[in-house]
Amino acid sequence: MNVESIRKQFPILHQEVNGKHLIYFDNAATTQKPLVVINAIKQYYETDNANIHRGIHTLAERATAAFEATRYAVQKFINAKEHAEIIFTKGTTDGINLVAQSFSKAFIKAGDEIIISGMEHHSNIVPWQMVCEEKGAILKVIPVTDEGELDIVAYDKLLSSKTKLVACVYVSNSLGTINPIKQIIEQAHIVGAKVLVDGAQAASHLDIDVQELDADFFVFSAHKVYGPTGVGVLYGKRDLLDAMPPYQCGGEMIKEVTFEKTTYNELPYKFEAGTPNIADVIAFKYAIDFVNEIGKEEIRDYENELLNYFVVGANCIRPMVEKGLTLNGEFNSPIRLYGTAKEKVAVQSFVINGMHHFDAGMMLDAKGIAVRTGHHCTQPLMKRFGIEGTIRASFAIYNTKQEIDVFVEAINRLVN
Ligand code: 7TS
């Protein structure tokens with residue numbers, strides 16, 4: 001893998017921020033976009049722009065073909081059985097809300113139970129709280145261990161014939177933990193529950209095979225996989241999607257409308273009401289091709305190398321004055337890492353003793369280093385660890401060890 005040639009494909013990286021070379025370590029929030037994606041959006045508006053599926057003129061046919069080509073690319077990307085099981089959404093949040101509203105209408109009643117985990121993003125908590133409120137269902141939560149892993153034994157005890165749905169994150173955005181999602185799905189299926197996998201952080205780092213996982217629903221966002229914002233994917237098994245009512249109503253999702261009765265379109269259009277984000281869906285295919293060309297295994301190996309390099313560097317940071325030593329002479333690290341699971345992606349949360357994460361974030365920004373600070377939309381997880389927030393560095397395919405050297409040196413200066 002040639003990082004320099006990859007970096008050349010990301011124009012945004014080649015700029016100065018606050019007089020310093022930009023170092024972008026906020027990839028879990030959104031990844032930057034390669035030129036092929038940027039150019040695809042421009043090209044679409046310059047040559048092909050038309051509304052899709054409805055017109056028979058040449059531009060409409062071209063736009064429709066390119067839009068549907070992304071659906072086939074996504075099908076392959078996550079190994080879905082049929083392209084009709086791929087629904088385009090606005091993003092992960094939109095996909096979860098779609099399932100929460102539609103699945104619950106068809107399948108959730110008072111007294112049923114929904115299980116989520118203690119490390120969910122708010123977008124995989126709040127929609128289920130609303131469903132529980134509306135339906136009189138009960139929300140249960142899988143606990144998180146000190147290392148930032150899910151307590152699978154406790155999970156097994158939560159499952160029962162009352163469990164109708166398990167909604168669980170594959171990879172934690174705050175901790176980087178890779179959850180044993182295949183096992184979580186298997187255990188849920190034993191009691192007859194369905195499983196929604198929040199794949200927002202998994203899609204860019206891990207090989208996804210929804211059939212192998214036997215996931216009932218799988219959601220992710222294009223913008224975290226080097227694609228554009230405003231596009232997401234909901235995968236659902238056909239029998240479930242067929243049995244669920246439409247989420248939004250309007251054009252495209254109908255077969256026939258009369259004032260007496262409306263019949264709905266077939267999958268996937270039943271869940272794609274209105275004019276979609278055509279340009280960005282089309283450009284998303286270029287992001288998928290970009291990732292496929294490098295290969296997920298290469299990506300993961302390289303990012304893990306960056307993660308390990310950072311962790312070693314961070315653990316070596318020493319206060320220059322003696323205040324780092326305890327009374328019995330032991331060393332007190334000024335950096336506390338959160339998320340030390342055995343199976344991780346290249347996301348590392350940490351706090352600097354005695355320094356608020358916002359202050360650290362601002363001082364790092366002054367050095368051109370972009371990290372995320374705060375609760376990362378996982379407030380219950382922060383509460384679990386007794387903190388308000390962390391500094392989070394998340395690495396991507398275009399980051400380098402030299403950038404991490406600059407980062408570690410900057411943290412060292414903050415500490416001292
Ligand atoms: N689920 C997870 C695990 C996420 O990391 C995010 C976004 C979402 C859901 C929501 O995705 P969206 O594309 O619909 O917004 N996570 C983050 C983050 O960690 N920092 O900014 C956004």
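Residues numbered from 1 in each chain as written. Predicted model: local features only at pLDDT ≥ 70, side-chain atom pairs only at ≥ 80, totals over all residues. Heavy atoms only, no water.

Student: What is the right way to read the packing of aromatic side chains from this model?
Tutor: Taken as a whole, this structure holds 19 aromatic pairs when the rule is applied. Here Phe-103 and Phe-217 contribute two aromatic rings whose centre-to-centre distance is 5.9 Å and whose plane-to-plane angle is 85 degrees, an arrangement assigned as edge-to-face. Residue Phe-103 is located in helix 4 (residues 92-107), and its partner Phe-217 is located in strand 9 (residues 217-221); the two are separated by 114 residues in the primary sequence. Of the two residues examined, Phe-103 and Phe-217, each falls in the buried class. An angle of 65 degrees between the planes, with centres 6.2 Å apart, marks the rings of Phe-350 and Phe-407 as edge-to-face. Pair noted here: Phe-350 is in strand 14 (residues 347-352) and Phe-407 is in helix 14 (residues 401-415), with a separation of 57 residues, a long-range link. Across this residue pair, the class does not change: Phe-350 and Phe-407 are buried. An aromatic cluster is built from Phe-25, Phe-310, Phe-350, Phe-395 and Phe-407, whose rings are joined through pairwise contacts. Over the face of the ring belonging to Phe-385 we find Arg-384, whose NZ or CZ atom lies 4.9 Å from the ring centre. For Lys-401, the ring lying beneath its charged end belongs to Tyr-309, and the centroid distance is 5.2 Å. (Phe/Tyr/Trp six-rings, centres within 6.5 Å; stacked < 30°, edge-to-face > 60°. Helix = DSSP H or I, 4+ residues; strand = E, 2+ residues; numbered from the N terminus. Buried < 20%, exposed > 50% of the residue type's maximum accessible area, 1.4 Å probe, protein only. Lys NZ or Arg CZ within 6 Å of the ring centre and 35° of its normal.)

Student: Got a minute to help me understand the nonpolar core in this structure?
Tutor: Counting 111 residues, the largest nonpolar core has Tyr-170, Phe-220, Phe-284 and Phe-407 as the members making the most contacts within it. The greatest single-element share of this core, amounting to 11 residues, is contributed by helix 10 (residues 278-294). Built from parts of two domains, this core gets at least three residues from each of domain 1 (3-25 + 295-415) and domain 2 (37-292). Counting residues in hydrophobic clusters, the runner-up holds 26 residues, among them Val-99, Ile-108, Leu-196 and Phe-271. (Core = buried A, V, L, I, M, F, W, Y, C linked by side-chain atoms within 4.5 Å. Domains from an automatic or database assignment.)

Student: Please explain the sheet that holds strand 6 (residues 138-142) as it appears in this structure.
Tutor: Two modes of strand pairing occur in sheets, parallel and antiparallel, and in both the strands are linked by backbone hydrogen bonds. The 7 strands are arranged 4-10-9-8-7-5-6 in an open sheet whose pairing can be described as mixed. The strands lining the two open edges of the sheet, one partner per strand, are strand 4 (86-89) and strand 6. Taken pair by pair, the neighbouring strands of this sheet meet at an average axis angle of 20 degrees, ignoring direction. Across 5 bridges, the pairing between strand 9 and strand 10 (residues 232-236) is antiparallel. Looking at strand 10, one finds that Phe-217 is bridged to Gly-236. The strands touched by helix 3 (residues 58-78) are strand 4, strand 9 and strand 10; relative to strand 4, the strand with the most contacts, the crossing angle is about 115 degrees. (Pairing = 2+ DSSP bridges. Axes fitted to C-alpha atoms, helices over the stretch in contact; angles between N-to-C directions. Contact = heavy atoms within 4.5 Å.)

Student: I'm lost on the site of the ligand in this one. Help?
Tutor: Close to the ligand lie 15 residues; Thr-93, Asp-198, Ser-221, His-223 and Arg-392 are nearest. Here an oxygen atom of the ligand sits 2.5 Å away from a polar atom, N or O, in the side chain of Thr-93. Between the ligand and Arg-392 there is a distance of 2.7 Å, counted from an oxygen atom to a side-chain nitrogen or oxygen. Expressed as a share of its isolated accessible area of 480 Å², the protein-covered part of the ligand is 86%. Tallied by class, the residues present in the shell around the ligand amount to 4 nonpolar, 8 polar and 3 charged. (Near = heavy atom within 4 Å. Polar contact = N/O pair within 3.5 Å; in protein donor to acceptor, adjacent residues only side chain to side chain. Areas by Shrake-Rupley, 256 points an atom, 1.4 Å probe, with all protein chains shown as cover. Nonpolar A, V, L, I, M, F, W, Y, C, P; charged D, E, K, R; others polar.)

Student: Honestly, the state of the cysteines in this entry has me stumped. Any pointers?
Tutor: According to the stated counting rule, one finds 0 disulfides in the structure shown. We note that Cys-377 lacks a disulfide partner, and the nearest cysteine sulfur, in Cys-168, lies 17 Å from it. In this structure Cys-377 comes out as partly exposed when scored by relative accessible area, which is 31%. (Disulfide = S-S within 2.5 Å.)

Student: Could you clarify how one ought to interpret the domain arrangement of the chain in this entry?
Tutor: How big an interface is tends to be stated in terms of the accessible area lost upon association of its parts. Domain assignment breaks the chain into domain 1 (3-25 + 295-415) and domain 2 (37-292). Between domain 1 and domain 2, the residue contacts involve 34 residues of the former and 32 residues of the latter. Both sides together, the interface formed by domain 1 and domain 2 hides about 2600 Å², and carbon and sulfur atoms give 58% of it. Considering only the side of domain 1, the residues that lose the most area to domain 2 are Lys-296, Val-345 and Leu-381, jointly responsible for 25% of the buried surface there. Our count for the domain 1 to domain 2 interface comes out at 1 salt bridge. (Buried area = accessible area lost by both parts, 1.4 Å probe. Salt bridge = Lys/Arg side-chain N within 4 Å of Asp/Glu carboxyl O.)

Student: What exactly am I supposed to notice about the sheet that holds strand 14 here?
Tutor: An order of 13-14-17-16 is seen for the 4 strands of this open sheet, with the pairing classed as antiparallel. The sheet terminates laterally at strand 13 (335-338) and strand 16 (372-374), the two strands that pair on one side only. The average angle at which neighbouring strand axes cross in this sheet is 30 degrees, direction not considered. Of the strand pairs in this sheet, strand 14 and strand 17 (residues 390-394) are connected by 4 bridges, and their pairing is antiparallel. Each bridged residue has a counterpart across the sheet, and for Gln-348 the counterpart in strand 17 is Ala-393. Together, strand 14, strand 16 and strand 17 form the strand contacts of helix 12 (residues 357-365), whose direction differs from that of strand 16 by roughly 160 degrees. Strand contacts of helix 14: strand 13, strand 14 and strand 17, with the helix running at about 15 degrees to strand 14, the strand carrying the most contacts.

Student: Can you help me understand unusual backbone geometry in this one?
Tutor: With glycine set apart, most residues show a phi of negative sign, and most peptide bonds adopt trans. The step from Leu-267 to Pro-268 runs through a cis peptide bond, and the omega angle for that step is 0 degrees. In this structure, Pro-268 sits in the loop between strand 12 (262-264) and helix 10. Phi is positive for Asn-79, close to 55 degrees, though the residue is something other than glycine. Topologically, Asn-79 is positioned in the loop between helix 3 and strand 4.

Student: So what exactly am I meant to see when it comes to the side chain of Thr-163 here?
Tutor: Residue position: Thr-163 is located in strand 7 (residues 163-169). Taking relative accessible area as the criterion, Thr-163 reaches 0% and is therefore assigned buried. Aside from chain neighbours lying at most four places away, what touches Thr-163 is Glu-113, Ile-115, Leu-158, Val-191 and Ala-193.

Student: So what exactly am I meant to see when it comes to the layout of surface pockets here?
Tutor: What the largest pocket holds in volume is close to 390 Å³. Looking at the largest pocket, it is lined by 27 residues, and the ones nearest its centre are His-121, Asn-173, Gln-201, Lys-224 and Cys-377. Counting residues per element, the ones that place at least two in the lining of the largest pocket are helix 4 and strand 16. Domain assignment of the residues forming the lining of the largest pocket places at least three in each of domain 1 (3-25 + 295-415) and domain 2 (37-292). Taken together, 16 residues line the second largest pocket, and the ones lying closest to its centre are Phe-88, Thr-89, Lys-90, Asp-94 and Ala-273. When contributions to the lining of the second largest pocket are tallied by element, the ones reaching two or more residues are strand 4 and helix 4. Here the residues of the lining of the second largest pocket sort into 7 nonpolar, 6 polar and 3 charged. (1 Å grid on protein atoms, 1.4 Å probe; cavity = no way out; pocket = protein on both sides within 12 Å on 5 of 7 lines; lining within 4 Å. Points joined across faces, edges and corners; volume = space filled by probe spheres on them.)

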